[in-house]
Amino acid sequence: MGRKRERELLAHILDRPRSGVARVVEVVGEPGIGKSRLLGEMRAVANRQGRLVLAGHASELERHNPFGVFLDAICDHVASLDPPDLAGLGTDLVRELAMVFPGISVPTDSAETTHDRLVLGVERYRLHLAIRALLEHLASPSGLVLTLDDLHWGDDASFELLGYLLRHPPRAPVVLVVAYRSRQRPARLAAVLTQATPGGVVRRIELGPFNLDEVAEFLGPDVDQARCQVLHQASGGNPFYLEALARAPEEWLPLAARGQPLSNGPSTALSPKSVLSLDGVPPIVRATLQAELAILPERVRLIAHASAVAGDPFGPELAAAVAGLSRQVADGALDELVARDLVQPAGPGCFSYRHPMVRAAAYENAGAGWRVQAHARAWYALEERGASMVQRAPHVEHATLPGNDKAIAVLIAAAEAVAGWAPADAAHWLSVALRLLPDKVEGDLRRLELLTDMARFLGISGQLWEARDVLHEVLRLLPRTAADRRVRAVSFCAVLENLLGRHAEARALLLAELRGLPRMANGAATALQLGLAEASLRHGDVAGSRTWAGTAYILASCHNDHPARATAASFAAYADYLAADIPAALEHCDHAALLVDGLTDGELAQRLDSVVWLGWAEHDLERYDAAGRHFDRGLALARATGQNYLLTMLLVSRGSVLMWQGLLTQAEGCFADAEEAALLVRSRWLQAFALAMRCRVAALTGELELALRLGEEACRLAGPPNDWLSLWTAKLLAHAHLMADNPEGCSSILDITGSSPELPMVDPARRPAWYEFLTTAALALDRVAEGEQWAARAEAAATGLVALPGRRAFARLARARVLSASGDPAHASTTAREAATEFTKSGNPLDAGRAWLVAGTATAAAGERPRALDELEQARALSARCGANGLQERAIRELRRLGRRVPRGVTGQRNPRDAVGPAALTSREREVAELLAIGMTNRQIAAKLYLSPRTIDHHVGHIIAKLGATSRAGVASALVTGDVGNLPDVFPSCSQAH
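Residues numbered from 1 in each chain as written. Predicted model: local features only at pLDDT ≥ 70, side-chain atom pairs only at ≥ 80, totals over all residues. Heavy atoms only, no water.

Peer 1: Describe the overall build of the protein chain, and please don't skip the residues or the numbers.
Peer 2: What the protein chain contains, in helices and strands, is 49 helices and seven strands. The contacts in the protein chain between residues at least 6 apart in sequence include a share of 69% that link residues at least 24 apart. For the protein chain, the exposed area adds up to about 38600 Å²; of that, 53% sits on carbon and sulfur atoms. (Helix = DSSP H or I, 4+ residues; strand = E, 2+ residues; numbered from the N terminus. Contact = heavy atoms within 4.5 Å. Areas by Shrake-Rupley, 256 points an atom, 1.4 Å probe, with all protein chains shown as cover.)

As structure tokens, this is what we get:
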């Protein structure tokens, strides 16, 4: 009743053509306003249309059940499927899903067990991808309607998953409806609901109160107008309050009617510690609910209380055990609760209260002392039935059993069970276990171990400040003699400080610990010195980093600590590079690579940061293949050992290598995954890093609106340009403006750098590239004199970089731009060709294409049309091969200006004249094509290769175009019949394996 407009909107959403794009609907309103009823109506309509309908609702007592609302919706349906029904998802995705859904069996063709993965930890965004794939699978062929109710009581893991689904909506006819109380919406839910992307249509339905006519219709013709008016005023038009007050004694209503409408004024949100409370419910409604329970016979009231404790939904057997009644007596009492419409059947063998507020009233009315014992009986009953530790933990929490070792063990086991994919819940269970420990005593190792684990789980879940505070408590309790324990805690605390962007604080913390270290603690000293080498680099103290790395190397060598020695050598190589001591950097890089490659996986996993710093050194020294190999090994080990805090940096680093090699599609996949990993850690610093790289790729591929949006968000997260990250994000946003032909967007970066043209926050070897960009920006604004100054600085910065042809090439390109703008096209053409040659030598096809574009344009201006056409064609071909659609379009414009006919629609594709057939495939494309040929789906290939589905989609499109196939099915025959010779050697680095 009274929801005509809302029902029409939901019907419109369901009736829309099933275009394969997910739709999301928010249904919000105060408690009792009719959200659940509206969702029920939508499910009924969807059922009649033949769609698969799944419904889940969160519950207040079970709010630390990971993925609880999704499990409630999906678990039973998935468990009913035969294994072949899920085979289309692929073994890897099914293995990920088996960690969450107990009804899915783990494939037996792998030695790795689900327990192993949970103990080690998993990439949560990979699990999110698997659940998204499952939803797409379930939506075929008739469509899926998934409703999630009472989401204000959802758990952190569910909120993370919901955020992922909003950012990456299922590409299937899925309708996702979420309902929650707007005034009780947790901050985490509010955050994820703002992250919906244009890929999904999000509609919001805010339910309001009934008007007087709707109240009269609701109450029926037997209720006179005067009573309708009183009930309308007393209830404020809230349907649940109205229903409750309609049962209230007559004498209560005039008193209620004299006050303000009960739904006006802010509702008090439930406090984090409240359980099944009626906070915020008007007193008269609370009294009515309690009166409804008070008139029950004692036996029936007892089972009502027990059912509220047992869960929602609850089983009769558990409710009987909680009440301490026989099953026969409990069933009789339950029948009476059903007859009085307090509880309702909720599926085979289970029941649920008719509304969460009725359950809250039954729980609250039971009495605090009785509830403690009831939760203890529920725990024991679940233990007898072999229930999981996660199912037992909520009852242990509320049984309040301080000092009970068995209860503490249950909570610790529950934390271990969910740590891999719901670390926030794991941290919660450990916090409860800590409250149950006996009073603090000095040197309490058990407490220290729990605190350390809790800090780790808080950090992994993105609660960085909370994790830092817990580690400070650990350090306060740990004696100085426990050097190894203290160093591990300090090192992790420094990691957290760096994730928070507090690099100076990380450095000070490590230095203070080193000064207080006891003598002979050599292993601990080495670890702290390595931490200081890293912290000094992040703080901009290159000389200090070189000193600490050298000291750590000597100490590690004395004690045959091979992982520490390899890490120190890696730091030294990168610090030498930052100091512009390129010969020393190359020498240390060779040595570090030898040491790192000589470590076993077990040894390397102890110091995985060595791969990060060695890979960065190799990347910046233009050794892209070696850097890619080391980053790939680091990613594999980070995933295998659960070192998820390194994932964002490794993914960004791997993507950067791919970008410099001109593999933009693969690079974008890495950066997108890096953003997901950063979101889960909740590090603004890492998120800004990943978004800035996505901005760079989007600008190059011609997705200019996306590039500007990503760049603006990166700058917002990085803050004002007062450190290297914020300055760098500002530069990439300016680059996006430049690609969008909006040079005014570069004014701010020119003003910022103009006030400090030495670029002290940019490492010396990177300055030629920065100066080349600033030259381009100044010339785009017709500031030729300023462009000349930036080009001169680029040439000065390139002095001494003989071993880095790519860095020198930026200086040449900057000079070529100035020569062209100054009216000397002949010299500009020659200089740009030299730049293109050096970019090619360094393995950088992307910037080689830019240089050829400048060369061709200048050559044309010098009147050499045939040569200009060749150079512009070279620029177009390289840009096309890299997927740099924006650069390719510019080259095409210049070609057409010279009279060369270029077919429409070639932008973003390889030119058929360049290479066709299997020989045109890159190594990664061939790998994808071979998996396509054996019948794997895009989702299966994405899971197997650890790439995003979007990346695989791009690959498949390129493969079909290159092979001349008309569909995916034609790929296999094209591979067999085509020429399978070597890849073209036009630009070798373009064909390097990812």
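Right, picking up where we left off after that structure.
Peer 1: Go over helix H23 (residues 464–477), please, and point to the residues and values.
Peer 2: When the terminal C-alpha atoms of H23 are compared, their 20 Å separation across 14 residues agrees well with the 20 Å that a helix rising 1.5 Å per residue should span. Residues Leu464, Ala467, Arg468, Val470, Leu471, Val474 and Leu475 constitute the buried set of H23. Projected down its long axis, H23 shows its buried positions confined to an angular sector of 165°, all on one face. In the core, the buried residues of H23 are packed alongside helix H22 (445–460), helix H24 (483–499) and helix H34 (664–681). (Expected span 1.5 Å × (residues − 1). Buried < 20%, exposed > 50% of the residue type's maximum accessible area, 1.4 Å probe, protein only. Arc of directions from axis to C-beta.)

Peer 1: Talk me through the environment of Trp770; I want residue IDs and the actual numbers.
Peer 2: In this structure, Trp770 sits in helix H39 (residues 767–780). Put simply, Trp770 and Lys731 are 39 residues apart on the chain and 8.6 Å apart in space, counted from C-alpha to C-alpha. Not counting chain neighbours up to four residues away, the residues in contact with Trp770 comprise Leu727, Trp728, Lys731, Thr753, Leu759 and Val762.

Peer 1: Can you lay out the environment of Leu679 for me, pointing to particular residues and giving the numbers?
Peer 2: Assignment of secondary structure puts Leu679 in helix H34. Assessed through its relative accessible area of 11%, Leu679 is described here as buried. In sequence terms Leu679 and Ser461 are 218 residues apart; their C-alpha atoms lie 9.6 Å from each other.

Peer 1: Any chance you could break down the packing of aromatic side chains for me, citing the residues and the numbers?
Peer 2: For any pair of aromatic rings, geometry is given as the distance between the ring centres together with the angle between the planes. Throughout the structure, instances matching the rule amount to 20 aromatic pairs. Plain terms: the ring middles of Phe240 and Tyr241 are 6.5 Å apart, the flat faces sit at 70° to each other, and that makes the pair edge-to-face. For the pair Phe240 and Tyr241, a shared accessibility class is recorded, and that class is buried. Members of the aromatic cluster, each reached through a chain of ring pairs, are Phe571, Tyr574, Tyr577, Trp613 and Trp616. In this arrangement the basic side chain of Arg793 is found over the ring face of Trp790, its NZ or CZ atom lying 4.6 Å from the centre. (Phe/Tyr/Trp six-rings, centres within 6.5 Å; stacked < 30°, edge-to-face > 60°. Lys NZ or Arg CZ within 6 Å of the ring centre and 35° of its normal.)

Peer 1: Give me the packing of helix H42 (residues 825–842) against helix H43 (residues 845–861): which residues, what numbers.
Peer 2: The contact between H42 and H43 brings their axes to 8 Å, and the two run at 160°. On the basis of the axis angle, H42 is roughly antiparallel to H43. As H42 runs across H43, the sense of the crossing is left-handed. Where H42 abuts H43, its residues Pro825, Ala828, Ser829, Ala832, Arg833, Ala835, Ala836, Phe839 and Thr840 lie against Asp847, Ala848, Ala851, Trp852, Val854, Ala855, Ala858, Thr859 and Ala861. (Axes fitted to C-alpha atoms, helices over the stretch in contact; angles between N-to-C directions. Parallel < 35°, antiparallel > 145°, perpendicular 65-115°, else oblique. Left-handed = near helix turned anticlockwise from the far one by under 90°.)

Peer 1: Tell me about helix H16 (residues 327–339), and name the residues and values.
Peer 2: Its 13 residues place the ends of H16 18 Å apart at the C-alpha level, agreeing with the 18 Å of an ideal helix rising 1.5 Å per residue. At the C-terminal side of H16, Asp341 shows a positive phi close to 60°.

Peer 1: So what about the side chain of Arg3? Which residues, and what values?
Peer 2: Residue position: Arg3 is located in the segment before helix H1 (4–15). Here Arg3 sits buried without a salt bridge, and the closest side chain of opposite charge, Glu6, lies 4.6 Å off (N-O distance). Within the structure, the side chain of Arg3 is placed 2.9 Å from the backbone oxygen of Gly208, a separation counted as a polar contact. In this view, Arg3 contacts Ile33, Leu38, Leu207, Gly208, Phe210 and Pro239; residues no more than four positions away in its chain are not counted. (Lys, Arg positive; Asp, Glu negative; His and termini not counted. Salt bridge = Lys/Arg side-chain N within 4 Å of Asp/Glu carboxyl O. Polar contact = N/O pair within 3.5 Å; in protein donor to acceptor, adjacent residues only side chain to side chain.)

Peer 1: Just give me the short version of the pairing of strand E7 (residues 350–353), but keep the residues and values in it.
Peer 2: Here is the key point about a regular strand: its side chains alternate between the two faces of the sheet. Neither face of E7 is left uncovered, since the one carrying Cys350 and Ser352 and the one carrying Phe351 and Tyr353 both have all their residues buried. In terms of strand pairing, strand E6 (residues 343–347) meets E7 through four bridges, oriented antiparallel. Bridge assignment links Pro345 to a residue of E7, and that residue is Phe351. In textbook terms, the turn of a hairpin is the stretch between consecutive antiparallel strands, and for E6 and E7 this stretch comprises two residues, one of which, Gly349, has a positive phi near 70°. (Pairing = 2+ DSSP bridges.)

Peer 1: I'd like a rundown of the packing of helix H14 (residues 298–310) against helix H17 (residues 356–364), residues and numbers included.
Peer 2: Running from amino to carboxyl end, H14 crosses H17 at an angle of 115°, the nearest separation of the two axes being 8 Å. On the basis of their axis angle, the class for H14 and H17 is roughly perpendicular. By crossing handedness, the relation of H14 to H17 is classed as left-handed. Counted together, Ala304, His305, Ala308 and Val309 of H14 and Arg359, Ala362 and Tyr363 of H17 form the full contact between these two elements. Of the residues in the contact of H14 with H17, the class split is five nonpolar, one polar and one charged. (Nonpolar A, V, L, I, M, F, W, Y, C, P; charged D, E, K, R; others polar.)

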